[in-house]
Amino acid sequence: MALRIEEYGMLGDLHTAALVGTDGSIDWLCLPRFDSPACFGALLGDERHGCWRLEPAAGGKCTRRRYRGDTLILETEWDTPEGSVRVIDTMPPRDRAADLVRVVEGISGRVPMRTMMRLRFGYGRNEPWIRYHDGQIAAIAGPDAAWLAADVPMELSDTTAQAEFAVSAGDRVSFVLTYQPSHKDRPVPVDPRVGIDGTERFWNDWIGHFRYEGGWNDAVRRSMVVLKSLTYAPTGGIVAAATTSLPEDLGGVRNWDYRYCWLRDATFALQALLGTGYIEEAREWREWLLRAVAGDPADLQIMYGLDGSRWIPEFTLDWLPGYEASGPVRIGNAASVQFQLDVWGEVLDGLYLAREAGLEAEASAWELQEAMLDFLEGHWSDPDEGLWEVRGVRRHFVHSKVLSWAGFDKAVKSVERFGMEGPVDKWKVLREEVHREVCDRGFDAERGTFTQFYGSTGLDAALLLIPQVGFLPWDDPRVAGTVEAVRRELTRDGYLLRYDPAADGGVDGLPGDEGTFLACSFWLVDALHGIGRRSEAGDLFERLLDVRNDLGLLSEEFDPRTGRQLGNTPQAYSHVGLVNSARHLSGTHPATAPRAVREEQSVNEGE
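Residues numbered from 1 in each chain as written. Predicted model: local features only at pLDDT ≥ 70, side-chain atom pairs only at ≥ 80, totals over all residues. Heavy atoms only, no water.

Peer 1: Could you give an account of the overall build of the chain, with specific residues and numbers?
Peer 2: Helix and strand counts for the chain stand at 14 helices and 28 strands. By the compact-globule yardstick of 25 Å for 607 residues, the chain fits well, its C-alpha radius of gyration being 25 Å. Taking the principal axes of the C-alpha coordinates as reference, the chain spans close to 75 × 45 × 45 Å. Split into buried and exposed, the 607 residues of the chain put 65% on the buried side. Taking contacts inside the chain between residues at least 6 apart in sequence as the whole, the part at least 24 apart equals 67%. (Helix = DSSP H or I, 4+ residues; strand = E, 2+ residues; numbered from the N terminus. Rg over C-alpha atoms; globule rule 2.2 N^0.38 Å. Buried < 20%, exposed > 50% of the residue type's maximum accessible area, 1.4 Å probe, protein only. Contact = heavy atoms within 4.5 Å.)

Right, here's the structure in full:
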């Protein structure tokens, strides 16, 4: 059975990622891309579905592990009765082929070791033809091929490569797994030392561009490394997470594929990148965004593939039992065809932020935004599935309307501040119309809070974003009332749910429960800070830092009752939330600076 989610560390080469457990087993790896079929799929099943174990012969979990500085070079150490040993794992930033490097170093004594590699392409279903070829082990199945170069003899049995060996102090035993499509010539594996040294130089050079003067520097640095590692280098797209189908509810059906790029993440990711000095990464993400959304605004999707592709059909893999029997295992994501009104506003808001930061785009980008505004004009009053991708009936979600307002607001500001051309008077009227409706129909005066949707009795953590997008100022009593209500009704053991799945008869149309949502908990940090409750905001932020695993990684959700991380991992949204909350608390983020926000407020009816 797979380990607890927080017991995994991540390796990555800016094309894909591997998860390595505290037991030395790589239980998840998709090749050649994040969204490719897994060749190590034990995370969602067991060893039969592919893994690569490298550990002391006595077995057991490691004594300690760490990343080497600000890199993705993972060092895992075991202290055994025979001595101590270290395993160094990394995936060098890709040149042509994908390499996975594992090096065993003897620290003291003489430690018996063992390794077992079971490649299973096609998410654990396809057993490769495996054989020795010119001193390397070749594994081929259909379009996929992988080659293993090892410093020790490997035995082949039952399509599994394994070996037993021992290392003394100062010894180094290396393994390099290299992937290449089967129709291409055998790749030349990277020299292990060269691969590790090159990886270290790459990450040290990259972190050298880090610019952040606020608190919690180490946590912010690690989260930015994670965000970079979830970037698909050829296009600049940022995947939501490295995995699929890790459950939000252990044993339940809330299991989704997050190996795609969500438009909703654009503004938050840009804030984190721009706020820490990564201008080029922000520009690449903006360019990915523009390419992805190009075309008919009516065809805008909430998510796209790594290269901006639109076709993301959802299906299930019946031969995989799922993480801790949490089935089904899903590939693709049917939410990609949902109508989620807020994404039009999210894109317009993100592109405005990019323009404000000086990331100028070609003139045609504004024409695209005008077309999006035309669509928004005709559809902002429609019900939708909302940002949480509920699989129930469509509703008039308040957050969706607020983001529609934000889209018109950023259009007005683009004209007034940057000289863009457009029907600004019409956009002002629409902005005021949306604002009036939301305040009339989305606010429960008796309870003193905005609600999840018009007429709802439930609340939504996304309501905390109302002041962040400028819809109302932080000192508006409706904002404070909403923050208090969300905190009171959606907090579970000190952390925040996205919403109450049982409210209003079950808004999401799914059985079961879920953990607290980490990004939402960071939004609560920002909201508490914004309404002046800074000590409480700081305390919550510190508790959230404690949710990270020993390597500083966060998944999507957290169950405070069991102390376990839940959902796909590592989760970009969680790490972006950490970075932006640290900036809020440190005063380096404009969104919770009351004076700046008041200056940014538009003149809206009723304010």
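Peer 1: Tell me about the packing of aromatic side chains, and name the residues and values.
Peer 2: For the structure on display, the rule yields 24 aromatic pairs. Between Phe165 and Phe175, the aromatic rings sit 5.9 Å apart at their centres with planes inclined by 50 degrees, giving tilted as the arrangement. Remark: Phe175 occurs in strand S15 (residues 172–181) and Phe165 occurs in strand S14 (residues 160–168); sequence separation between them is ten residues. Judged by relative accessible area, Phe165 falls into the buried class, the value being 12%. Within the aromatic cluster, the residues linked to one another by ring pairs are Phe268, Trp388, Phe517, Trp523 and Tyr573. Taking the ring centre of Trp52 as reference, the NZ or CZ of Arg102 above it sits at 5.1 Å. Note that Arg131 overlies the ring of Trp129, its terminal NZ or CZ placed 4.2 Å from the centroid. (Phe/Tyr/Trp six-rings, centres within 6.5 Å; stacked < 30°, edge-to-face > 60°. Lys NZ or Arg CZ within 6 Å of the ring centre and 35° of its normal.)

Peer 1: Explain the side chain of Arg583 to me, using residue names and the numbers behind them.
Peer 2: Structurally, Arg583 is set in helix H13 (residues 572–586). The side chain of Arg583 is buried and forms no salt bridge, while Asp526, the nearest opposite charge, is found at 9.0 Å. At a separation of 3.2 Å, a polar atom in the side chain of Arg583 contacts the side chain of Asn580. Ignoring anything within four residues of it in the chain, the contact list for Arg583 reads Tyr212, Gln271, Ala272, Gly275, Thr588, His589 and Pro590. (Lys, Arg positive; Asp, Glu negative; His and termini not counted. Salt bridge = Lys/Arg side-chain N within 4 Å of Asp/Glu carboxyl O. Polar contact = N/O pair within 3.5 Å; in protein donor to acceptor, adjacent residues only side chain to side chain.)

Peer 1: Mind laying out the pattern of salt bridges, listing which residues take part and the relevant values?
Peer 2: Within the structure shown, the criterion is met by 49 salt bridges. Across the pair Glu200 and Arg68 runs a salt bridge whose closest N-O atoms are separated by 3.2 Å. Here Glu200, found in helix H2 (residues 192–207), pairs with Arg68, found in the loop between strand S6 (64–67) and strand S7 (74–80); they are 132 residues apart in sequence, far enough to count as distant. Residue class for Arg68 comes out partly exposed when judged on its relative accessible area of 21%. The salt bridge partner of Glu377 is Lys426, with a shortest N-O separation of 3.0 Å. Placement of the pair is Glu377 in helix H7 (residues 363–379) and Lys426 in helix H9 (residues 424–441), with a sequence separation of 49 residues.

Peer 1: Describe the confidence of the model for the chain, and please don't skip the residues or the numbers.
Peer 2: Averaged over all residues, the pLDDT of the chain is 93; the fraction at 70 or higher stands at 97%. Here residues 593–607 is a poorly scored stretch, pLDDT under 50, and it has 33 contacts once near neighbours within four places are set aside; other chains count. (pLDDT = per-residue confidence, 0-100.)

Peer 1: Quick one: what's the story with the nonpolar core, residue by residue and with numbers?
Peer 2: Counting 198 residues, the largest nonpolar core has Phe40, Val104, Phe175, Met224, Phe471 and Trp523 as its most contacted members. Ignoring anything within four residues of it in the chain, the contact list for Val104 reads Leu54, Val85, Arg86, Val87, Met113, Phe165, Val167, Asp171, Arg172, Val173 and Phe175. Formed by seven residues, the second largest nonpolar core is a distinct cluster that contains Ile73, Ile88, Val101 and Val190. (Core = buried A, V, L, I, M, F, W, Y, C linked by side-chain atoms within 4.5 Å.)

Peer 1: I'd like to hear about the environment of Thr80, residue by residue, with values.
Peer 2: Here Thr80 is to be found in strand S7. With relative accessibility at 17%, the residue Thr80 sits in the buried group. Sequence-wise, Thr80 and Gly386 are 306 residues apart; in three dimensions their C-alpha atoms are separated by 52 Å. Beyond its immediate chain neighbours, meaning those up to four positions away, Thr80 contacts Pro56 and Val111. Within polar-contact distance, the side chain of Thr80 engages the backbone oxygen of Gly83 at 2.8 Å.

Peer 1: Please set out the sheet that holds strand S26 (residues 516–517) residue by residue, giving values where relevant.
Peer 2: Here we have three strands laid out as an open sheet, ordered S26-S27-S28, and antiparallel in their pairing. Of all the strands in the sheet, the pair left with one neighbour each is S26 and strand S28 (564–566). Pairing of S26 with strand S27 (residues 557–559) involves two bridges; the strand directions are antiparallel. Bridge pairing in S27 links Thr516 to Phe558. (Pairing = 2+ DSSP bridges.)

Peer 1: Report on H13, specifying residues and quantitative values.
Peer 2: If you check H13, its first and last C-alpha atoms are 21 Å apart, about what 15 residues at 1.5 Å a residue would give, namely 21 Å. Phi turns positive, to about 75 degrees, at Gly587, one or two residues after H13. (Expected span 1.5 Å × (residues − 1).)

Peer 1: Now, about the pairing of strand S2 (residues 17–21): what can you tell me, with residues and values included?
Peer 2: On a regular strand, each side chain points to the face opposite its neighbour's, so the side chains alternate between the two faces of the sheet. The buried fraction of S2 is high, at five of five residues. As paired elements, strand S1 (residues 8–12) and S2 share five bridges and run antiparallel to each other. Its bridge partner being in S2, Met10 is matched across the sheet by Leu19. Between S1 and S2, which follow one another and run antiparallel, lie four residues, and Leu14 among them has a positive phi close to 70 degrees. Where S2 and strand S3 (residues 25–30) come together, three bridges link them in antiparallel fashion. Opposite Ala18, over in S3, you have Leu29 as the bridge partner.

Peer 1: Tell me about helix H5 (residues 279–293), and please be specific about residues and values.
Peer 2: The terminal C-alpha atoms of H5, which comprises 15 residues, lie 21 Å apart, in line with the 21 Å expected from a rise of 1.5 Å per residue. Backbone geometry just after H5 places Gly295 at a positive phi near 125 degrees.

Peer 1: How would you sum up the pairing of S6? Please name residues and give values.
Peer 2: Where burial is concerned, the two faces of S6 differ: the one with Arg65 and Tyr67 is buried and the one with Arg64 and Arg66 is not. Examined bridge by bridge, S6 and S7 share four bridges and lie antiparallel to one another. Bridge pairing links Arg66 to Glu75 in S7. Hairpin connection between S6 and S7: a loop of six residues separates the two successive antiparallel strands, and Gly69 in this loop has a positive phi of roughly 60 degrees.

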